[in-house]
Each structure stands twice: as C-alpha cells, then as structure tokens.
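Residue strings, one per chain:
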Amino acid sequence: FGKIAVILVNDSELYFAFLLSPYTIQFPLNSLSGMEIEEELTSLLPTLDREKIICIVEHLTDVIGVQQKSDLLFVEAEDLKPFPTPIQIRKLLLAFKGLCRFSETSSHPPHPSSSTSWVSHLQIPWERFPLRLSHAITRGDRAHPEDRRCMVRIVVEAMQVHCRNPKRASCEEVAKIIVNRYPQTFADFTEKGERLGCGHYSLLRSIKSRVEHVNRDNTTHRLLPTVMQPHLKKGRCLVDSYGCINWQPVELPEGETPASLEEKKHILLTIFNSEGPGAVERPDVDDFMCLTYISQRQLINSCPSLSVAEIQEQWPFLFTQKGLSNHFYKLTGTDISERLSQALITKGRRIINYFSSQKLKWNLGIRTLIQQIESEGVLTNNKVGTAAILLMMKYYKEDEDSLFVLADETSTRMSPEAESNLPITPRLITAFYVPNIWMVSAEGRVIVELDKENTFADAMSVFFGSFYVLNLEYQESACATLELIQKFFVRINPEEGTKCISKVGTSRRTGTTVK
C-alpha cells in the first residue's frame, strides 16, 4: 500500500495518511481541531479580528500544547495574556470549562448541520474526478476549466452528505485541503507563477457558489441574514450592515445603564465644546467613546435615518481620524488605518508594476498616467497609494472626481464649502501630490479635516471608513474602485451583498443609461 506518514492537519489534529495518489485514507487520532477552537473563539468574541483569533489558536495548540478538549481546563489567564483584554480572557476561561464539561457528560454527538467537525472526516472523492483532471494532477498541470467545474460539483455533492448547506468556514477548510494537496493544479497563481494570497480563494468562491446554487430552492437549510433590531427597516439593514460584525449591539457594557451612557455622552459634548477635536487623544474621551459605542450605533441606525450633520452634532468626536477608525474597528473587526497603510504600499506597487510592465496594452488615458507616474522617479510610499488608486480608476473608466475633489494647497476647511460645489456622496478633498490638504466631505459639507502631517493612507482610511460607520452607500459612479478598496486592500469580503444598490447607471462604454 505504499508508505505511511503522519501529517499535521488543521493546526492541531493528527492523521495517519496512506500516500496513495490520488487516494487518501484519514484516521483522526484526537477529537479537537484548530478549526473547532477557532469557531468557539469566534462565537464567544465576535468583535475580535479573525487574524488575532487564528494567532490565539496557534498559540494554544503550538505553545501551550492543547491537543484535546480536556486540555482546555488547564489553560490559565497567563497563557492568554498576550492577546485578548482581561474581560475577554475571563469569558474564554469560563467557556473552556463549560465546553469540557459538555464533552464529558453528553453522550449525543452534534448534528452534522450544526457543527463543522464533519470536515475532518470528509472523504474527497478523488476517484470520481474526470480522467483528464486526474492526469493533470499526476503531471502537476493546471486544471482545465471544464474539469474544475465538474470537480467542484462532485466535491459539493460529497460535502452535502454531511451538511446540506455548509457555511463559508467549512467550504474554506475543504478548499484548503484540496489546494494544499495539489497546489500546482488548483492553487491561485499570477502569470509569473507567484502564489496569490492564501492560494485557495478562487476555489473557495467556486465551492461556496455551488453550495448556494444547489440550495437556491431549499428554504429549510438556507442561511438567511438576520436583523437584530425589529424596528429598523429590513431593506436598509441588509445594505448598511453589509460586511459588519457588530452593526447593532444589544447588550449594554458591563456596569452601564442607559442613564449612565447618556451622562457620558453629555460629558463628551462638554469636552469637545471646550477643547475641540484635539481632545480625542484624552484617555477619558477614548474610554467614553468605547463605552458609548452602542448608543452611537443606535443613533446612526435609527429609522428614519438622520443626516450626517445631525449625527455629528451629537457625536462630534466620531468625526475625527481616531474616533472614526476606532468605531470602524468595533464595527468590522478591522484596524483600517494599519491595514490600508500597509496594503496601499505593497499592493499599490504591485498594481503600478503590473500596468507599467505592459504599457502598449492599455488605452491612452492609462498610458498617459503611467508616463506621469514614471516622470516622478522613485515614488514615496505616499505617492504609491495615490498612483495605484488613480490607475485603477482609469482602468474601470471611473472619473477621478467621482472620488476626489482637487483643492488648492492654500485651501482651508471652508474653501470647498464656500464654492458650493461639493457633491452629496462622500469625497476625499486633496491636493494630491501636495501632502498638506486632507479633508472628507459628505452631504455637501466637510465632515472631517485631517492634520497636515497625515498621509494619503490616513485620509483614505477616514474616507472609506465613513461609508461603513455612517451607513453610506457607494456612489454608482465609483462603485468598482470602492469595491476594490474594500475587498482587495481592506480585505472585507462578505459572502453576498454590496454597498452599491443603484438599479441603473451610465455605461462606461456607450455612455447610455443601463441596468
């Protein structure tokens, strides 16, 4: 039967595997996988960034030595100290004890539709793959698109034996198994042979799309989005809560009451009126803004919705770089300032290099912009991000003024408003290559003014974050670029939906109005 090896799967679960290409038989040796720990942490701490949760899982399994559920009983607060807050640590320790007690006393295994442990026992039906695909796997060639689609149908069919409508996390685990086993055939690569991101994103999308397709008429098993506040309009919620993990919390912070939160709100207003937006750096302001997050969301999510000016009047500290970025983190679990500042440099250079490497392929507008970029010589990090966004707007045939308002380097906060030409939808007001003008406008007025020391990434963080924080839809005229920023740079990738719900728009090819 060939050689026998021990391989590590899902971070903490060991399997014996017969190395018979393309067949594998797996025998689980223990009962707890990294995926199960990850799901448990996610359910307990929904506001925690997934990357941090993965770090905690790896720390528990690789450093602390957790291998089975009973080991969680011996995890102490000190073991978790580098990661969550004290309150989060206490929640985890309490949950670990309950999880272990349940596993010891319960004699009934969970139903496959309510647990993802079935993925560990899933048998990928390699033998049912098309013959041409089997040959491609053996040679290490890329899969033919037709064979790949057939494979996805076969794999989803096997998955549905265990779970009728698998969640995205389960689909991702299956995609990882396939790609990790045969990366040359199924992983995502660039034209130059470089692995793209995690390597399994396109296969994940194909599997999840197939799952949704076969469940399109199955109302019993379909996973529908839920709305936490029944008094809010459903249509609005599904758009505004798109990509959010904490859109409308329902539990007050520990030790707080509606009256105490209202008092903190008045204190914040008093501080702002006496000291201005610079007081956002005060520790007490930071604490109060964090505690009153639930009150801020209730106002922003109220129906009928308030204007941006009305929200700013009641929560002025929210309209600062720090206030908006902190709110965005609690809302989505993403540190937008850190993520965008890194992505605009690394991914921005990749975009510039891609367009520059094949100049003759592009239209006159893109070629002209490439020439302007190259004439700058070595680009600073600030200019890399700017150039990348402008290139993508040219590529998508979206006008620069659908996102940006050009200002004179001597402009003040009042200058753009005085000209009475600011659009209703959000804009980033800048002088582009003169890094001393950064303002964000919405509803025809400036809502945030950044310091002159801020960068393009800082300004873009505030600008893009305002769509999520203030429940604003993407303008149709720039929806492709905004979706790119969201999914490629910020890496917010909900399974379905969009923040642009325009039913009609102007065709960028013909100039006519189309659906």
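**Re the sheet that holds strand β4 (residues 404-406)**
And step 1. Read across the sheet, four strands follow the order β4-β5-β6-β7 without closing on themselves; strand pairing throughout is mixed. Pairing within the sheet leaves two strands with one partner each, and these edge strands are β4 and β7 (445-449). Sheet twist, expressed as the mean angle between neighbouring strand axes with direction ignored, is 35°.
And step 2. Where β4 lies against strand β5 (residues 427-430), three bridges are found, and the strand directions are parallel. Of the residues in β5, the one forming a bridge with Val-405 is Ile-429.
And step 3. Packing against the sheet, helix α20 (residues 456-469) makes contact with β4, β5, β6 (438-442) and β7, and its axis sits at approximately 10° to β6.

**Comments concerning the packing of helix α18 (residues 381-395) against helix α21 (residues 479-489)**
And step 1. Running from N to C, α18 and α21 cross one another at 130°; their axes reach a closest spacing of 10 Å. What the angle tells us is that α18 and α21 run oblique. The hand of the α18/α21 crossing is right-handed. For the pair α18 and α21, the contacting residues are Ile-389, Met-392 and Met-393 in the first and Thr-481, Leu-484, Ile-485 and Phe-489 in the second.
And step 2. In terms of residue class, the contact of α18 with α21 is made up of six nonpolar, one polar and no charged.

**A short note on the pattern of salt bridges**
And step 1. Per the stated rule, a full pass over the model turns up twelve salt bridges.
And step 2. The shortest N-O distance in the salt bridge between Asp-147 and Arg-132 comes to 2.7 Å. Placement of the pair is Asp-147 in helix α6 (residues 145-159) and Arg-132 in helix α5 (residues 131-139), with a sequence separation of 15 residues.
And step 3. Connected through salt bridges with shared partners, the residues Arg-132, Glu-146 and Asp-147 form a single ionic network.

What counts, and where the lines are drawn
Residues numbered from 1 in each chain as written. Predicted model: local features only at pLDDT ≥ 70, side-chain atom pairs only at ≥ 80, totals over all residues. Heavy atoms only, no water. Pairing = 2+ DSSP bridges. Helix = DSSP H or I, 4+ residues; strand = E, 2+ residues; numbered from the N terminus. Axes fitted to C-alpha atoms, helices over the stretch in contact; angles between N-to-C directions. Contact = heavy atoms within 4.5 Å. Parallel < 35°, antiparallel > 145°, perpendicular 65-115°, else oblique. Left-handed = near helix turned anticlockwise from the far one by under 90°. Nonpolar A, V, L, I, M, F, W, Y, C, P; charged D, E, K, R; others polar. Salt bridge = Lys/Arg side-chain N within 4 Å of Asp/Glu carboxyl O.

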